[in-house]
Amino acid sequence: MSEDVRLVAWVRGRVQGVGFRWFTRAKALEIGGLSGFALNLDDGRVQVVAEGPRGGCEGLLDWLQGSDTPGRVEGVTEIWDTPRGGYDGFAIR
């Protein structure tokens, strides 16, 4: 049985204007079982919130930190929490 978790990640680097949110949503849908969103922040970072099974959230985090993302990721800061719910699928905001 997989524990459901909430991942909040802030991705910094050249991650706006390169399709980063779209690819993040596509990856979350590919992993399956995740809900949440990807949002451009005013300071140039992208915030990603994902809720679902721990393994799925870990897979999304691994992808965010990997070399297969669009643009150029310079770093990812993440926090883990309990799910809050209220998301309908995985959205781009």
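Residues numbered from 1 in each chain as written. Predicted model: local features only at pLDDT ≥ 70, side-chain atom pairs only at ≥ 80, totals over all residues. Heavy atoms only, no water.

Chemist: Just to check I follow, could you spell out the pairing of strand β2 (residues 35-40) for this structure?
Modeler: Walk down a regular strand and you will see the side chains alternate between the two sheet faces. Looking at chain direction, β2 and strand β3 (residues 46-53) are connected through six bridges and run antiparallel. Bridging across to β3, Leu-39 finds its partner in Gln-47. In textbook terms, the turn of a hairpin is the stretch between consecutive antiparallel strands, and for β2 and β3 this stretch comprises five residues, one of which, Gly-44, has a positive phi near 95 degrees. (Pairing = 2+ DSSP bridges. Helix = DSSP H or I, 4+ residues; strand = E, 2+ residues; numbered from the N terminus.)

Chemist: Explanation requested: a nonpolar patch on the surface in the structure shown.
Modeler: Judged by side-chain polarity, Trp-22, Phe-23 and Ile-92 come together as a nonpolar surface patch covering roughly 320 Å² of accessible area. Structurally, the position occupied by Ile-92 is in strand β5 (residues 90-92). Judged by relative accessible area, Ile-92 falls into the partly exposed class, the value being 37%. (Patch = residues over 30% accessible without salt bridge, like charges linked within 9 Å, V, L, I, M, F, W, Y side chains within 5 Å. Areas by Shrake-Rupley, 256 points an atom, 1.4 Å probe, with all protein chains shown as cover. Salt bridge = Lys/Arg side-chain N within 4 Å of Asp/Glu carboxyl O. Buried < 20%, exposed > 50% of the residue type's maximum accessible area, 1.4 Å probe, protein only.)

Chemist: What's the story with the UniProt feature "domain: Acylphosphatase-like" (unreviewed entry) in the protein chain in this structure? I'm lost.
Modeler: In the numbering adopted here, UniProt assigns the feature "domain: Acylphosphatase-like" (unreviewed entry) to residues 6-93. Helix makes up 27% of residues 6-93 and strand 41%, with an end-to-end C-alpha separation of 18 Å. (UniProt positions renumbered as here; feature names shortened; annotations may be inferred.)

Chemist: Which parts of the structure should I look at to understand the environment of Gln-65?
Modeler: Checked against the element boundaries, Gln-65 lands in helix α2 (residues 54-65). Judged by relative accessible area, which is 43%, Gln-65 ranks as partly exposed. For the pair Gln-65 and Val-11, spaced 54 residues apart in the sequence, the C-alpha separation amounts to 8.5 Å. With residues near it in sequence (within four places) discarded, Gln-65 still touches Val-76 and Glu-78. (Contact = heavy atoms within 4.5 Å.)

Chemist: Teacher, can you tell me more about the UniProt feature "active site" (unreviewed entry) in the protein chain here?
Modeler: Per the UniProt record, the feature "active site" (unreviewed entry) sits at Arg-21 and Asn-40. Spanning 20 residues, the named residues nonetheless gather at one spot, since no C-alpha pair among them exceeds 7.8 Å. Along the chain, Arg-21 falls in helix α1 (residues 20-31). The partly exposed category is assigned to Arg-21, whose relative accessible area is 23%. The contacts of Arg-21, once residues within four sequence positions are left out, are Ala-38, Leu-39, Asn-40, Val-46, Ile-92 and Arg-93. Mapped onto the elements, Asn-40 comes out in strand β2. On the basis of relative accessibility, which here comes to 26%, the residue Asn-40 falls in the partly exposed class.

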